[in-house]
Amino acid sequence: MRLIAYTLLLNSFLVFASYAQPQQFEPIPFEAFAEDETRLVHAFTGGMEAPQFRPFLLNADGFEDLLVFDRVGAKFLPFLAEPQGGGGIAYRYAPALEANLPTDLNQLLLVTDLNCDGWADIVSTREETSTADVSLQAYLREPGFPLQFSAALPLQRVTQDGQTTALHIHAYDVPVLKDLNGDERSDLLYIPIGGTHLQYYQQVGDCGALTFELADSCWGNASYTVEADFELQACNPGLRAQGCAGSVMYCRDYDSDGDQDLLFSGLYDEHILQLENAGSLSAANLVSQDISWINEGMGLTRFPSPFFVPYSDAQAEDLVIATNLITGQGYSSFNDRVLRFTLSSESDSWTLAEDQFLLDQMIDLGFRSNIALQDVNGDGLADLLIGYNDRHPIFSYTASIALFINTGTAQQPAFTLQTADWMGLSVYNFKSIAPAFGDFNGDGQEDLVVGLDNGDLRLFYRQGDAYLLADGQALHELSLNGLARPTVIDYDRDDREDEQEPHDDPREDEQDRTEPYEDPHQNRRDDHRDESWREAGPTGGERRRFAAKRQIRHRHGHPVGEQAYDSADHGHEESTADRGADTGDRLLRRDCRRVVAESRDRRDGGADDDQRENDPEHARREHGNDDHGVVLRHTPAHTECLADVHTCSF
């Protein structure tokens, strides 16, 4: 649940920063506890879906820290290493350091010293012709502290005619970027898109030139096969009907013979091959391969990616394995595991130490989680509710709401997990629940409305301590394009709470979304703007800003009185009869991260399972930043359109 930390700390700031009079907000420290009251040390990191782990110096204490990059959301998680009395390492999440790290990483995190200054630099990718076609780019680190990096610089390769061009890889690849030939400069090893051979590029020119030249088109004298292994002592270009669709590689001299051995997994693998290099630094020769070296040959996770990090022993490294696959699904059976193995000095074998490395100290209920704050136990403190997807024995996965009761104070909140299936909502077999609260029937109690992955809404009326599904209500007939995420606001300022509902871009063709979206109703809206607003009050854009402000303030329990918005209501009188007695406006709004921080990362996507499986990055491009929306008035009998609005036009 990538955005939970930002939801709790930053969402008010994002709206008010865009308004005329900025306000200052101080972050409040939060604590969270598991159901057994164990403190979750990294509770509000946001969790991890497809993390990559790299040792990296983040401060000047001399201990190598840990830099985590999550491919879902392209999110950095910096952890400072704190040596423990027993010789191990404890990691402390340091979110303040995120501001010092590059902000435009895509798909990949590699660290290596590219310019020979003794400081590890950062390498990632950028999209080229498609989300699957990416090129490598580097961020050179300035020596010393605090952290500073250059702008993105392209890595280039020398072509056959002596020219240079961008170095392209497959978006699903994790190549090797380290010194392979002993010249103390980083070299590159990867399988090109659709290829079968390991290509070795040697860095040429001055150190820091970031230029690479093909030195061996079949490194290791081996060819990758469709059976997910290698044909050894074979370099036969052009004889394979199918090439590699994506790979993870890691080079390490595990047998201490002076050359680099290879760890390898493919896009559809659940094992990691260990290939022994019996050659030399100048001429690799892969002579054996084995999957039983780790976990006794049993499956690890889908598309497993290996990393070596100091943890149980500050002087050694543990092996951490996580998936490198982004599914785009609401729930996956393998994204909730990060395996950590320790090496036995006696048997020289790896032993599984845990399968929740760092995860067991986080609130991480998975992809497409949605939060709400609501006092559900009547103690005057806002509790935390998280809609999420979980495995189901029949329906693959189904949605529930986890309830964290606020066991702290108003000044120092603390959240303790009370139940993983609040109100037993899992029995309805919903998918991707997004909860919100408001009094929909005027009885003074906060009812529950949930948005679902198919665009439907479901309303539950509160009766005492229970919430009962309201059959036959208009909300049940209102359906959007998908992934409905309601927010309750008083949009028409009638002291009744209305509902704001993000919905999908109406353009179904993915190719259409490469162009800016033009609202077909924009001219009509501008031409027919209410003259009373133009002459005596704010413009339509200003009115939308006030609506967004009301939404955020309501979500945080602030008063929504007219006094707070004098400029919004100046000179404006509107008959409730004109709006329709006993009706509420429904603002159906597209996801806009600049306005509402709790909107999910716009990269999460809505592809079908087959498309996600074949294109794991579909989740990163499915939702653009379209801000199209409509205002609907509903009665128990029908729903009608009142206006077409753009709530994100700031």
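Computed from a predicted model, the values in this text were never measured in an experiment.

Digging into the state of the cysteines
Moving on, step 1. Counted by the stated rule, this structure contains two disulfides.
Moving on, step 2. The disulfide partner of Cys116 is Cys207, and the S-S distance across this bridge is 1.7 Å. Looking along the S-S bond of the Cys116-Cys207 disulfide, the torsion reads about 80°, which is the right-handed sense. Taken together, the residues span a long stretch of sequence, with Cys116 in the loop between strand E6 (110-112) and strand E7 (121-127) and Cys207 in the loop between strand E15 (199-204) and strand E16 (211-216) at a distance of 91 residues.
Moving on, step 3. Look at Cys116 and you get partly exposed, because its relative accessible area is 39%.
Moving on, step 4. With relative accessibility at 28%, the residue Cys207 sits in the partly exposed group.

With respect to the pairing of strand E19 (residues 247-252)
Two faces, one strand: in a regular strand the side chains alternate between the faces of the sheet.
Moving on, step 1. Burial analysis of E19 places five of its six residues in the buried class, which makes it a mostly covered element.
Moving on, step 2. In the sheet, E19 pairs with strand E20 (residues 261-266) via six bridges, with the strands oriented antiparallel. Each residue of the ladder has a partner; that of Ser247, found in E20, is Gly266.

Some details on the packing of aromatic side chains
Moving on, step 1. Per the counting criterion, the structure on display carries 19 aromatic pairs.
Moving on, step 2. Ring centres of Tyr224 and Phe230 lie 5.4 Å apart, and the angle between their planes is 65°; this geometry places the pair in the edge-to-face category.
Moving on, step 3. Given a relative accessible area of 8%, Tyr224 falls into the buried group.
Moving on, step 4. Exposure remark for Phe230: the relative accessible area of 3% places this residue in the buried category.
Moving on, step 5. Every member of this aromatic cluster is reached through a ring pair, and the members are Phe53, Tyr91, Phe307, Tyr311 and Phe357.

Focus: the pairing of strand E23 (residues 304-309)
Moving on, step 1. Where burial is concerned, most of E23 is hidden: six out of the six residues are buried.
Moving on, step 2. The two faces of E23 match: Pro304, Pro306 and Phe308 on one face and Ser305, Phe307 and Val309 on the other face are all buried.
Moving on, step 3. Note that E23 and strand E24 (residues 318-323) share six bridges and pair antiparallel. In the sheet register, Ser305 faces E24, and the bridge partner there is Ala322.

Brief notes about the sheet that holds E23
Moving on, step 1. Strands sit in the order E23-E24-E25-E26 across an open sheet of four strands; the sheet is antiparallel. The two strands at the open ends of the sheet, each matched to only one other strand, are E23 and strand E26 (350-354). With strand direction ignored, the average angle separating the axes of adjacent strands in the sheet is 30°.

Looking at the pattern of salt bridges
Moving on, step 1. Scanning the model with the defined rule gives eight salt bridges in all.
Moving on, step 2. Ionic pairing is found between Arg340 and Asp318, a salt bridge with its closest N-O pair at 2.8 Å. Of this pair, Arg340 sits in strand E25 (residues 339-343) while Asp318 sits in strand E24; the two residues are 22 residues apart in sequence, bridging distant segments of the chain. As far as burial versus exposure is concerned, Arg340 and Asp318 are alike and both buried.
Moving on, step 3. A single network of salt bridges, built from pairs that share partners, joins Asp318, Arg340 and Glu354.

Considering the side chain of Ser186
Moving on, step 1. Turning to its location among the elements, Ser186 is positioned in the loop between strand E13 (176-178) and strand E14 (187-190).
Moving on, step 2. Its relative accessible area of 4% is what places Ser186 among the buried residues.
Moving on, step 3. Reaching out from Ser186, the side chain makes a polar contact with the side chain of Thr112 at a distance of 2.5 Å.
Moving on, step 4. Residues contacting Ser186, with those up to four places away along its chain left out, are Thr112, Asp113, Leu114, Leu177, Lys178, Asp179, Gln203 and Phe212.

Quick word on the sheet that holds strand E34 (residues 466-469)
Moving on, step 1. The strand order across the open sheet built from four strands is E31-E32-E33-E34, with neighbouring strands paired in antiparallel fashion. The open sheet has two edge strands with one neighbour each: strand E31 (434-438) and E34. Geometrically, the sheet is characterised by an average inter-axis angle of 30° between neighbouring strands, direction not taken into account.
Moving on, step 2. Relative to strand E33 (residues 457-463), strand E32 (residues 447-451) is paired through four bridges, and the arrangement is antiparallel. By the bridge assignment, Gly451 is partnered in E33 with Leu457.

Quick word on the nonpolar core
Moving on, step 1. In this structure, Leu114, Leu189, Leu198, Trp219, Leu262 and Phe264 are the most contacted members of the largest nonpolar core, which totals 43 residues.
Moving on, step 2. For this core, the secondary-structure elements that each account for two or more residues are strand E8 (133-139), E13, E14, E15, strand E17 (222-224), E19, E20 and strand E21 (273-277).
Moving on, step 3. In this structure, Phe264 is in contact with Ile191, Tyr224, Phe230, Cys244, Ser247, Val248, Met249, His271, Ile272, Leu273 and Leu275, ignoring residues within four places of it in sequence.
Moving on, step 4. Of all hydrophobic cores here, the second largest spans 19 residues; its members include Leu77, Ile89, Val320 and Phe357.

Here's the deal with the environment of Ser400
Moving on, step 1. Secondary-structure assignment places Ser400 in strand E29 (residues 396-406).
Moving on, step 2. C-alpha separation for the pair Ser400 and Gly387, spaced 13 residues apart in sequence, amounts to 5.8 Å.

With respect to the side chain of Arg340
Moving on, step 1. On the accessibility criterion, Arg340 (9% relative accessible area) is buried.
Moving on, step 2. Polar contacts involving the side chain of Arg340 include one to the side chain of Asp318, which spans 2.8 Å.
Moving on, step 3. Leaving out residues up to four positions away in the same chain, Arg340 has contacts with Tyr311, Ser312, Asp318, Leu319, Val320, Thr351, Leu352, Ala353, Glu354 and Phe357.

A few points about unusual backbone geometry
Moving on, step 1. Here the amide bond leading from Phe145 into Pro146 is cis, since omega sits at 0°, within 30 degrees of zero.
Moving on, step 2. As for its placement among the helices and strands, Pro146 is situated in the loop between E8 and strand E9 (153-154).
Moving on, step 3. For Gln233, which is not a glycine, the phi torsion comes out positive at approximately 55°.
Moving on, step 4. Mapped onto the secondary structure, Gln233 falls in the loop between strand E18 (230-232) and E19.

Parameters and conventions
- Residues numbered from 1 in each chain as written.
- Predicted model: local features only at pLDDT ≥ 70, side-chain atom pairs only at ≥ 80, totals over all residues.
- Heavy atoms only, no water.
- Disulfide = S-S within 2.5 Å.
- Helix = DSSP H or I, 4+ residues; strand = E, 2+ residues; numbered from the N terminus.
- Buried < 20%, exposed > 50% of the residue type's maximum accessible area, 1.4 Å probe, protein only.
- Pairing = 2+ DSSP bridges.
- Phe/Tyr/Trp six-rings, centres within 6.5 Å; stacked < 30°, edge-to-face > 60°.
- Axes fitted to C-alpha atoms, helices over the stretch in contact; angles between N-to-C directions.
- Salt bridge = Lys/Arg side-chain N within 4 Å of Asp/Glu carboxyl O.
- Polar contact = N/O pair within 3.5 Å; in protein donor to acceptor, adjacent residues only side chain to side chain.
- Contact = heavy atoms within 4.5 Å.
- Core = buried A, V, L, I, M, F, W, Y, C linked by side-chain atoms within 4.5 Å.

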